[in-house]
Amino acid sequence: LLALALNFAGVKFGQGYADFASLFRGAYTILGMMLIGLGLASISSYKFDFKFLTVAFLAKFIVWPIMILVIISLDKAFFGFFTEQIHKVMLLMSVVPLAANTVAYATELDAHPDKASFAVLVSTIVALFYIPLISMLFLS
């Protein structure tokens, strides 16, 4: 709420804040990758959980992009809220790999961080091929 209020009030922050925000994003990415690495390192004997990966991947790589395509189709046909560029961004954001913060939540909640780490790793590998495929099919 404070951020929204400051934004609406037109408060501008200096270049130091912009530099800090840029550096923070880089550090946050590195910390996320370290969490995944620590989660993977903690795996002593991993049993491949096919059901978990199947459900996670179906939801992330099939159901979510289909839902976004439906939203985009409805917007194009009826509403017109978004531009074509926003439609492309929405589709692209729907096919990115599982979020690294999933591992942080799984670690904090002690909810199988090894499975979460493995799922993030495999989804990142799948996304290396899936994102260009979706881009060729829908974004060209």
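Basis of the calculations
Residues numbered from 1 in each chain as written. Predicted model: local features only at pLDDT ≥ 70, side-chain atom pairs only at ≥ 80, totals over all residues. Heavy atoms only, no water. Helix = DSSP H or I, 4+ residues; strand = E, 2+ residues; numbered from the N terminus. Buried < 20%, exposed > 50% of the residue type's maximum accessible area, 1.4 Å probe, protein only. Contact = heavy atoms within 4.5 Å. Areas by Shrake-Rupley, 256 points an atom, 1.4 Å probe, with all protein chains shown as cover. Axes fitted to C-alpha atoms, helices over the stretch in contact; angles between N-to-C directions. Parallel < 35°, antiparallel > 145°, perpendicular 65-115°, else oblique. Left-handed = near helix turned anticlockwise from the far one by under 90°. pLDDT = per-residue confidence, 0-100. Phe/Tyr/Trp six-rings, centres within 6.5 Å; stacked < 30°, edge-to-face > 60°. Polar contact = N/O pair within 3.5 Å; in protein donor to acceptor, adjacent residues only side chain to side chain. Core = buried A, V, L, I, M, F, W, Y, C linked by side-chain atoms within 4.5 Å.

Colleague: Go over the overall build of the protein, please, and point to the residues and values.
Modeller: In terms of helices and strands, the protein carries 6 helices and 0 strands. Moving toward the C terminus, one meets the helices and strands of the protein in the order α-α-α-α-α-α. Reported as C-alpha extents along the three principal axes, the dimensions of the protein are approximately 55 × 45 × 25 Å. Of all 140 residues assigned to the protein, the portion counted as buried reaches 21%. A fraction of 70% describes how many contacts in the protein between residues 6 or more apart in sequence connect residues 24 or more apart. Of the roughly 10200 Å² that the protein leaves accessible, carbon and sulfur atoms contribute 74%.

Colleague: So what's going on with the packing of helix α3 (residues 50-79) against helix α4 (residues 84-94)? Residues and values would help.
Modeller: Each pair of packed helices can be summarised by the angle the axes make with each other and by the distance between the axes. Contact geometry of α3 with α4 gives a least axis separation of 8 Å together with a crossing angle of 165°. Looking at the two axes, α3 sits roughly antiparallel to α4. Classified by chirality, the crossing of α4 by α3 is right-handed. Of α4, the residues touching α3 (which contributes Lys60, Trp64, Pro65, Ile68, Leu69, Ile71, Ile72, Asp75 and Lys76) are Glu84, His87, Met90, Leu91, Met93 and Ser94.

Colleague: Tell me what's going on with the confidence of the model for the protein, and back it up with residues and numbers.
Modeller: Overall, the predicted model of the protein reaches an average pLDDT of 86, with 96% of residues at or above 70. Mean pLDDT across the elements of the protein bottoms out in helix α2 (residues 15-41) (78) and peaks in α3 (94).

Colleague: So what's going on with the packing of aromatic side chains? Residues and values would help.
Modeller: Counted according to the given criterion, the structure contains 7 aromatic pairs. By way of ring pairs, the aromatic residues Phe78, Phe79, Phe81 and Phe82 are connected into one cluster.

Colleague: Which residues make up unusual backbone geometry, and what values go with them?
Modeller: A positive phi angle, near 50°, is found at Asp110, a position not held by glycine. Mapped onto the secondary structure, Asp110 falls in the loop between α5 (101-108) and α6 (113-138). Owing to a relative accessible area of 65%, Asp110 belongs among the exposed residues under this scheme.

Colleague: For the side chain of Asp49, give the residues involved together with the corresponding values.
Modeller: Relative to the assigned elements, Asp49 resides in the loop between α2 and α3. Here the side chain of Asp49 touches Phe52 through a polar contact of 3.3 Å, landing on its backbone nitrogen.

Colleague: Quick one: what's the story with the nonpolar core, residue by residue and with numbers?
Modeller: Among the nonpolar cores identified, the biggest contains 14 residues, and Leu53, Phe57, Phe61, Ile72, Tyr130 and Ile134 are the most heavily contacted of them. Looking at this core, the elements that each hand over two or more residues are α3, α4 and α6. At 6 residues, the largest contribution of residues to this core is made by α3. Sequence-distant contacts of Ile72, that is, excluding residues within four places in its chain, are made with His87, Met90 and Leu91. Judged by nonpolar contacts, the second largest core, of 5 residues, contains Ile36, Val103, Ala116 and Val120.

Colleague: Account for the environment of Leu128, with residues named and values stated.
Modeller: Its place among the elements puts Leu128 in helix α6. With 32 residues separating them in the primary sequence, Leu128 and Val96 have C-alpha atoms 9.2 Å apart.

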